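# Fold and geometry: a report
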Amino acid sequence: MKRIVCLISCLLIAMSSSFAQNETQYQLTPNGIVNGTDKEYIVIEADSALSQKELFEKTQTYLASKFVSPQDVISAFNENTITINWTSHIFYKPGLGKMEAIVNYTATFLFKDGRVRINNPSINSITCLDGKNSPMKLIEEFYTIGIFTSKGKDRRPEVKAAIEENINGFLSDYVKFITSKQDAEDEW
């Protein structure tokens, strides 16, 4: 019985790691957010039957549903580019307690028939809600706390992990939405 449980556990771990390798994951580095490739963008293959305009509109619909005030977050150009500038709350545990920070990101979506390109998001600012609203930088400076040391070492792994989880959750939800086949005849 123990062997069967061990075998099933090993199979589940192997399957989960193979699924994770197929999905692009963003990582936070001292140079910003990267996607694990040598490119500064990722390409999502959507339904090839969807035109550039349809993908643009589907993305606008998704983004409008995600933000309370989408007109303050979304900038759209010529039905082929959408730029979003949004803030998100992250929570991390620096020790025994729980801390909160606000991260401001910018990302750009470009559209072609059947494909969406997402340029790597950038972090514009991080503000720790510690009673003083202290700014946090990617790389620590003399008077400013940072996620990484000046030599690139991970100084605050809990903040790094929270930012990665936040941006990867957003990407994963978007990919599921944009690649889903929704019936136009759905009645609501």
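Along each chain, numbering runs from 1 in the same order as the chain's sequence is written. Totals for whole chains, interfaces and linings use every residue, but because this is a predicted model, local features are given only for residues with pLDDT of at least 70 and side-chain atom pairs only at 80 or more, for both listing and counting. Calculation of side-chain values draws on the structure's entire complement of heavy atoms; hydrogens and water are dropped beforehand.

### A short note on the pattern of salt bridges
Opposite charge on two side chains lets them pair, provided their charged atoms get close. Worth spelling out the cut-off: Within this document, salt bridges are pairs made up of a side-chain nitrogen of Lys or Arg and a carboxyl oxygen of Asp or Glu, the two lying within 4 Å of each other. Put simply, DSSP marks the helices as runs of H or I at least four residues long and the strands as runs of E at least two long, and each gets a number from the N terminus on. Each residue is placed in one exposure class: buried if its accessible area under a 1.4 Å probe, protein chains only, is under 20% of its type's maximum, exposed if it is over 50%, and partly exposed if it falls in between.
Taken as a whole and judged by the stated rule, the model has 3 salt bridges. Two residues, Arg 155 and Glu 140, come together in a salt bridge whose shortest N-O distance is 2.8 Å. Of this pair, Arg 155 sits in the loop between strand 10 (145-148) and helix 3 (157-179) while Glu 140 sits in the loop between strand 9 (134-139) and strand 10, and the two are 15 residues apart along the sequence. For Glu 140, a relative accessible area of 24% translates into the label partly exposed. Lys 160 is paired through a salt bridge with Glu 164; the nearest N and O atoms lie 2.8 Å apart. In this pair, Lys 160 and Glu 164 both sit in helix 3, 4 residues apart, roughly one turn of the helix. Residue Lys 160 is classed as buried on the basis of its relative accessible area of 18%. The class of Glu 164 is buried, set by a relative accessible area of 16%.

### Digging into the environment of Thr 83
Quick reminder of the rule: Two residues form a contact once any of their heavy atoms are found within 4.5 Å. Pairing of N or O atoms within 3.5 Å defines a polar contact, subject to two protein rules: one partner must be a possible hydrogen donor and the other a possible acceptor, and residues neighboring in sequence count only if both atoms are side-chain atoms.
Mapping Thr 83 onto the fold places it in strand 5 (residues 81-92). Placed 10 residues apart in sequence, Thr 83 and Val 73 show a C-alpha to C-alpha distance of 8.3 Å. Leaving out residues up to four positions away in the same chain, Thr 83 has contacts with Val 73, Ile 74, Ser 75, Phe 77, Thr 106, Ala 107 and Thr 108. A polar atom in the side chain of Thr 83 sits 3.3 Å from the side chain of Thr 108.

### Comments concerning the environment of Lys 98
Here Lys 98 lies in the loop between strand 5 and strand 6 (99-112). In contact with Lys 98, other than residues within four places in its own chain, are Phe 91 and Tyr 92.

### Quick notes on the packing of helix 2 (residues 52-66) against helix 3
Threshold: Angles run from 0 to 180 degrees between N-to-C directions of axes, and those axes are lines fitted to C-alpha atoms, restricted for helices to the stretch in contact. By definition in this entry, angles of less than 35 degrees are roughly parallel, angles greater than 145 are roughly antiparallel, angles of 65 to 115 are roughly perpendicular, and the rest are oblique. We call a crossing left-handed when the near helix sits turned anticlockwise from the far one by less than a right angle, and right-handed when that turn is clockwise.
Relative orientation of the contacting elements helix 2 and helix 3 amounts to 135 degrees, with a least axis distance of 10 Å. Of the possible angle classes, the one that applies to helix 2 and helix 3 is oblique. Remark: the crossing between helix 2 and helix 3 carries right-handed chirality. Contact residues: Leu 55, Lys 58, Thr 59, Thr 61, Tyr 62, Leu 63 and Lys 66 in helix 2; Phe 170, Asp 173, Tyr 174, Phe 177 and Ile 178 in helix 3.

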